[in-house]
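# Examining the three-dimensional arrangement
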Amino acid sequence: MTGYTHDAPQILDADASWDLVEGTHVARLAVSVRGEPDIYPVTVRAHERTLAFRTVPGTKLATLAINERVALEWDHVDDDGAWSVVARGTAHRLRTEHEVDPVREGADPLVPTVAVPTEEWVVVEAHELTGRRFARAEP
């Protein structure tokens, strides 16, 4: 195969993985819905090792009430290569202004990517963060 190089992915430690996702905004939330895996795009605030997103009442929020174990995944591709980071953890719905205020405040406010009136706040307590960096294929 012309242009294909086989460089092993670089395994990233938790610190390097946090550095990549801090300041990003779009991730995918993986959950189990009635025993089946499902994935939702979410606008995430990854700041000071806290992961938070806003959502509307519905399937996603109802699923988190039943099964709080989730995964979040980010990836990025550019001319230099690609990376992927996965956070596994526990999701908690924030119910009071006292809980929401520290997440809402800060230098990097959570601004939804799409025009949907997101009302509910969820924080994911990451128990594990793993990442990989990949070299780009030669053209």
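So, here's what we can say about the structure. Because the structure is a prediction, the values reported are computed rather than measured. Within each chain, residue numbers correspond to sequence positions counted from 1 in written order. Thresholds applied to this predicted model are a pLDDT of at least 70 for local features of residues and 80 or more for the giving and counting of side-chain atom pairs; totals over whole chains, interfaces and linings are not thresholded and use all residues. For the side-chain quantities, the full set of heavy atoms in the structure was used; hydrogens and water were omitted.

## So, the pairing of strand E6 (residues 81-94)
Every regular strand shows the same layout, with side chains that alternate between the two sheet faces. To keep it simple, the criterion reads: Classification of residues uses two cut-offs on accessible area relative to the type maximum, computed with a 1.4 Å probe and protein chains only: under 20% is buried, over 50% is exposed, and between them is partly exposed. Counting from the N terminus, the helices are DSSP H or I runs at least four residues long and the strands are E runs at least two residues long. Two strands are counted as paired when DSSP detects at least two bridges linking them.
Counting buried positions over the 14 residues of E6 gives 10, a clear majority of the element. With 10 bridges connecting them, strand E5 (residues 69-78) and E6 associate as antiparallel partners. If you follow Trp-74 over to E6, its bridge partner there is Val-85. Following E5, the chain reverses through 2 residues before pairing antiparallel with E6. When E6 meets strand E7 (residues 120-134), the two strands line up antiparallel, connected through 13 bridges. Counterpart to Ala-82 in the pairing with E7 is Phe-134.

## Digging into the environment of Leu-20
The following threshold applies: Here a residue-residue contact requires only that any non-hydrogen atoms of the pair lie within 4.5 Å.
Within the secondary structure, Leu-20 sits in helix H1 (residues 14-21). Placed 56 residues apart in sequence, Leu-20 and His-76 show a C-alpha to C-alpha distance of 9.3 Å. Apart from the residues within four sequence positions on either side, Leu-20 is in contact with Leu-12, Trp-83, Val-85 and Arg-133.

## A short note on H1
Inclusion rule: Regarding the arc, it is the one traced by the directions from the helix axis to the C-beta atoms. Pairs of N or O atoms within 3.5 Å make up the polar contacts considered here, provided that, within protein, one atom can donate a hydrogen while the other can accept it, and that residues adjacent in sequence are counted only when both atoms are side-chain atoms.
Along H1, the positions that sit buried rather than exposed are Ser-17, Trp-18, Leu-20 and Val-21. Along H1, the residues classed as buried sweep out an arc of 160° about the axis, all on the same side. Taken together, the buried residues of H1 touch strand E1 (10-12), strand E3 (36-47), strand E4 (50-55), E5, E6 and E7. Where H1 begins, the side chain of Asp-13 points an oxygen toward the backbone nitrogen of Asp-15, at a separation of 3.2 Å.

## Some details on the pairing of strand E2 (residues 26-33)
Side-chain alternation along E2 places Ala-27, Leu-29, Val-31 and Val-33 on a buried face and Val-26, Arg-28, Ala-30 and Ser-32 on a face that remains uncovered. Judged from the 8 bridges that link them, E2 and E3 form a sheet pairing that is antiparallel. What sits directly across from Ala-27, in E3, is Val-42. Linking two consecutive strands that pair antiparallel, namely E2 and E3, is a turn of 2 residues; a positive phi of about 50° is found at Arg-34 within it. Note: E2 against E5, 3 bridges, orientation antiparallel. Paired with Arg-28 across the two strands is Glu-73, which belongs to E5.

## Re the nonpolar core
The line we're drawing: Only buried residues count toward a nonpolar core. Its members are Ala, Val, Leu, Ile, Met, Phe, Trp, Tyr and Cys residues joined through side-chain atoms within 4.5 Å.
Core analysis: the biggest nonpolar cluster contains 26 residues, and Val-44, Leu-51, Phe-53, Leu-72 and Trp-74 have the highest contact counts within it. Among the elements of the structure, H1, E2, E3, E4, helix H2 (59-66), E5, E6 and E7 are those that each provide at least two residues to this core. With 6 residues, the next largest nonpolar core counts Val-100, Val-103, Trp-121 and Val-123 among its residues.

## Some thoughts on the layout of surface pockets
This is how it is decided: Here the term cavity refers to a set of points on a 1 Å grid, laid over the protein atoms alone, in which a 1.4 Å probe fits but cannot get out; the term pocket refers to an open set having protein on both sides within 12 Å along at least five of seven lines, with lining residues being those that place an atom within 4 Å of a point. Grid points are joined across faces, edges and corners, and a volume is the space filled by probe spheres set on the points. Polarity classes work like this: nonpolar for Ala, Val, Leu, Ile, Met, Phe, Trp, Tyr, Cys and Pro, charged for Asp, Glu, Lys and Arg, and polar for all others, with Gly in that last group.
Roughly 170 Å³ of internal volume is contained in the second largest pocket. Every residue lining the second largest pocket is listed: Leu-61, Ala-62, Leu-64, Ala-65, Glu-68, Ala-91, His-92, Arg-93, Arg-95 and Val-122. Of all the secondary-structure elements, those providing two or more residues to the lining of the second largest pocket are H2 and E6. For the lining of the second largest pocket, the element with the highest residue contribution is H2, accounting for 4 residues. Residues that form the lining of the second largest pocket fall into these classes: 6 nonpolar, 1 polar and 3 charged.

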